[in-house]
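For reference, the chains in residue letters:
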Amino acid sequence: MTKFTDLNLDAKVLKAVAETGYDTPTPIQAGAIAPALEGRDVLGIAQTGTGKTAAFTLPMITLLGRGRARARMPRSLVLAPTRELAAQVAENFDAYAKYTKLSKALLIGGTSFKDQDKIIDKGVDVLIATPGRLLDHLERGKLILTDVKIMVVDEADRMLDMGFIPDIEEIFKRTPFTRQTLFFSATMAPEIERITNTFLSNPAKIEVARAATTNTNIKQGVVMFKGSAKPKEPSEKRALLRSLIDAEGTECSNAIIFCNRKSDVDIVAKSLNKYGYDAAPIHGDLDQSHRTRTLEAFRDDKLRFLVASDVAARGLDIPAVTHVFNFDVPSHAEDYVHRIGRTGRAGRSGTAIMICVPRDEKNLDDVERLVKETIPRLEVPNAAPAATDTEEKPKRTRSRRKPAAKSEAKPDETAAPTGKAEEKPAEPPKPREERPRGGRGRDNGPKIIGMGEDTPAFIALSFDERAKI
Ligand code: AMP
C-alpha cells in the first residue's frame, strides 16, 4: 500500500502530514499527488470527504517550495464555491505548510477589501478565493494573475449549480496559458466537461467512488408523510422532525438538518429552539462572522443541531456528525449524496433520515435512481408529534401576549393562533440569493405564498385544536 513517504513530497510537507496522524493516502490522494508533482494537469472526480483538499494542497506546497511571490502577483490560486469551503482550504493550507515559509491570502466576501488589499500588496504564494470576490479584486485593479503557476478549481459541480461557471472562465482567461490546473468535481455534467476540455491539457484523470453508493456505514431511512391538511403540513412536518430526533435518543449527539429553502432553514431552527432543542441556522444570507461562530460552536460540540441549506453546508468538514436529517427531499438528487455524506465519515457509522411529503415523491424517485437503491421506509415514530407539541409547547404561546422577541419571522408554533394580524407568523423575507452574480442560485426555492390554500396552518386553528396536534 502506498504511503505518503513514497510520494515525493517535500520533507517539510511530510513532517506536517505526519503530525496530522495520516500515513496512508486516500485513493484520490494516491491518484492525484504523483501526476500533480510531475506538473501535469489533474482532473479529480471526487466529492467532499474523500481527502481531496490534501490531494491538491500537498503537491501545491511542494511545487511552490522554491521561488518567491511578487506584490499583487500570487503564484497559485485556489477557487472554492463558498466562503466556508475557501476558509477550510485555508485551514488545510496552514496545517500542511506550517514548516514552510509560504504565505497565503483568503479572499472571501464579508471581510474588508482594505485588509485583503494589504496582504495582496505584500505578495502571496497562495491565494484562496471565492470567484465573485476574486473578480471584484481583479476589477479594482488590485490583483494580477499573470504569475499564477498552479490553479485549483475545487467543487466545480457546485460552482455550476451556483452559476459561477462564467466567472471561472473569466478567471481562467486571466491566468497564463502555461499554468498547471488541478480541477475537482463530484460529477461531470456536460458544462463541466466543456470547461475541462477547454482549459485542461491532457489531464491525469482520477475518479473515486461516490460515497452514497459505497458507504455502507450510513443507515438510511425515509418517512413518507402527509399532513392532515395542506395548510397544516409545515408545522406538522416540524413536529415530525422533533419526534424523529427524539426517537434517535442519545445516539443522536449532533446532527445537520438540511432544508431546501433558506426561509425554512430559519423557521426550522427557530422552531427547534422554541421546543428546547439547541439549534442554529446557517445559510448564505447570514453574515460571515455569524456563520463562522455558528460553525465553530457546532464543531466544538457547543451546538447540537445545525440547520443548513445545501450551499452553506457544502464541503464543510465536520468530523463527527452522528445524524443527518433531510427536512425536505433535495430537489437535485446529487445533493442527497452530499448531504448524507456529512455523516458516517472516516469509518464511523451514521444515520440519515429524510421526510418526504407527497409533492416531493418525484424528487425521491430521482434520488433513488441516482443512488441505485430503495431507501428503507420508516414508520412515523410512536411519540406522535401531537403529544410532543402539547407537552413542550412553551407556556407563553398560550397567552395572547405578543411574543417579546423580534416580531418578524415567528415560527407558527410560537405565535398565538388568534388570527390577529400582528401575530401572523410571517415567513422571513425572501432572501437574496447566495451567489453574488447572475445565474440560478437554488437556495431560495419556490416562491412562498402566504394566502389561499397556503395560508399558514395556525391561522386556521383555535387554541384547543392547536393543543391537540
Ligand atoms: P476533504 O475531502 O478534503 O474534505 O477531507 C475529508 C476529511 O478527511 C478531512 O477531515 C481530512 O482531514 C481527512 N483526511 C485527509 N487526508 C486523509 C488521509 N490520508 N487519511 C485519513 N483522513 C484524511
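What counts and what doesn't
Residues numbered from 1 in each chain as written. Predicted model: local features only at pLDDT ≥ 70, side-chain atom pairs only at ≥ 80, totals over all residues. Heavy atoms only, no water. Phe/Tyr/Trp six-rings, centres within 6.5 Å; stacked < 30°, edge-to-face > 60°. Helix = DSSP H or I, 4+ residues; strand = E, 2+ residues; numbered from the N terminus. Buried < 20%, exposed > 50% of the residue type's maximum accessible area, 1.4 Å probe, protein only. Expected span 1.5 Å × (residues − 1). Core = buried A, V, L, I, M, F, W, Y, C linked by side-chain atoms within 4.5 Å. Contact = heavy atoms within 4.5 Å. Patch = residues over 30% accessible without salt bridge, like charges linked within 9 Å, V, L, I, M, F, W, Y side chains within 5 Å. Areas by Shrake-Rupley, 256 points an atom, 1.4 Å probe, with all protein chains shown as cover. Salt bridge = Lys/Arg side-chain N within 4 Å of Asp/Glu carboxyl O. Lys, Arg positive; Asp, Glu negative; His and termini not counted. Charge placed at Lys NZ, Arg CZ, Asp CG, Glu CD. Near = heavy atom within 4 Å. Polar contact = N/O pair within 3.5 Å; in protein donor to acceptor, adjacent residues only side chain to side chain. Nonpolar A, V, L, I, M, F, W, Y, C, P; charged D, E, K, R; others polar.

A. View of the packing of aromatic side chains. Applying the stated rule across the entire model yields three aromatic pairs. Their ring planes at 50 degrees and their centres at 5.4 Å tell us that F56 and F184 sit as a pair that is tilted. One end of the pair, F56, is in helix α3 (residues 52-64); the other, F184, is in strand β6 (residues 180-185), and 128 residues separate them in sequence. When its relative accessible area of 0% is taken as the criterion, F56 is described as buried. Looking at F184, the relative accessible area reads 1%, which means it is buried. Aromatic pair F172 and F199: ring centres 4.4 Å apart, planes at 5 degrees, arrangement stacked. Of this pair, F172 sits in helix α8 (residues 165-174) while F199 sits in helix α9 (residues 190-199), placing them 27 residues apart in sequence. Accessibility classification places F172 together with F199 in one group, the buried group.

B. Helix α11 (residues 233-248), seen in detail. Taking 1.5 Å of rise per residue, the 16 residues of α11 would be expected to cover 22 Å, and the 22 Å separating its terminal C-alpha atoms lies within 8% of that figure. α11 sits mainly inside the fold: 13 of its 16 residues count as buried. Trailing α11 by a residue or two, G249 shows a phi angle of about 60 degrees, which is positive.

C. Region of interest: the nonpolar core. By size, the foremost hydrophobic cluster in this structure holds 40 residues, and its most contacted members are F4, L9, L58, V78, I128, V152 and L182. At the level of secondary structure, the elements contributing two or more residues to this core comprise α1 (11-20), α2 (27-37), α3, α4 (83-96), β4 (126-129), β5 (150-153), β6 and β7 (204-207). Per-element tally for this core: the top contributor is α3, with seven residues. Discounting residues that sit within four places of it in the chain, V152 has contacts with F56, M60, L77, V78, L79, L182 and F184. By size, the runner-up hydrophobic cluster in this structure holds 31 residues, among which are A105, M159, M162 and I165.

D. Quick look at a negative patch on the surface. On the surface, E91, E296, D300 and D301 cluster together into a negatively charged patch. Topologically, D301 is positioned in the loop between α13 (288-299) and β11 (305-308).

E. Up close: the pattern of salt bridges. In the structure shown here, the tally under the stated rule is 23 salt bridges. A salt bridge links K52 to E155; its shortest N-O distance comes to 3.1 Å. Separated by 103 residues along the polypeptide, K52 in helix α3 and E155 in the loop between β5 and α7 (156-161) bring together distant segments of the chain. For K52, a relative accessible area of 4% puts it in the buried group. Residues R174 and E170 are paired through a salt bridge, measuring 3.0 Å at the closest nitrogen-oxygen approach. Of this pair, R174 and E170 both sit in helix α8, four residues apart, which is roughly one turn of the helix.

F. Expanded view of the site of the ligand. The full set close to the ligand counts 13 residues, and Y22, Q29, G49, G51 and T53 are the nearest of them. A distance of 2.8 Å is found between an oxygen atom of the ligand and a backbone nitrogen or oxygen belonging to G51. About the coverage of the ligand: the protein hides 78% of its 500 Å² of free accessible area. Its residues assigned to classes, the shell around the ligand shows three nonpolar, eight polar and two charged.

G. Up close: the environment of R75. Turning to its location among the elements, R75 is positioned in the loop between α3 and β2 (76-79). Take R75: its relative accessible area is 5%, and that puts it in the buried class. When near neighbours in sequence (up to four residues on either side) are disregarded, R75 contacts L64, R66, G67, R68, A69, L102, V124, D125, D147, V148, K149 and I150. A polar contact of 2.7 Å, which involves the side chain of R75, links it to the backbone oxygen of L64.

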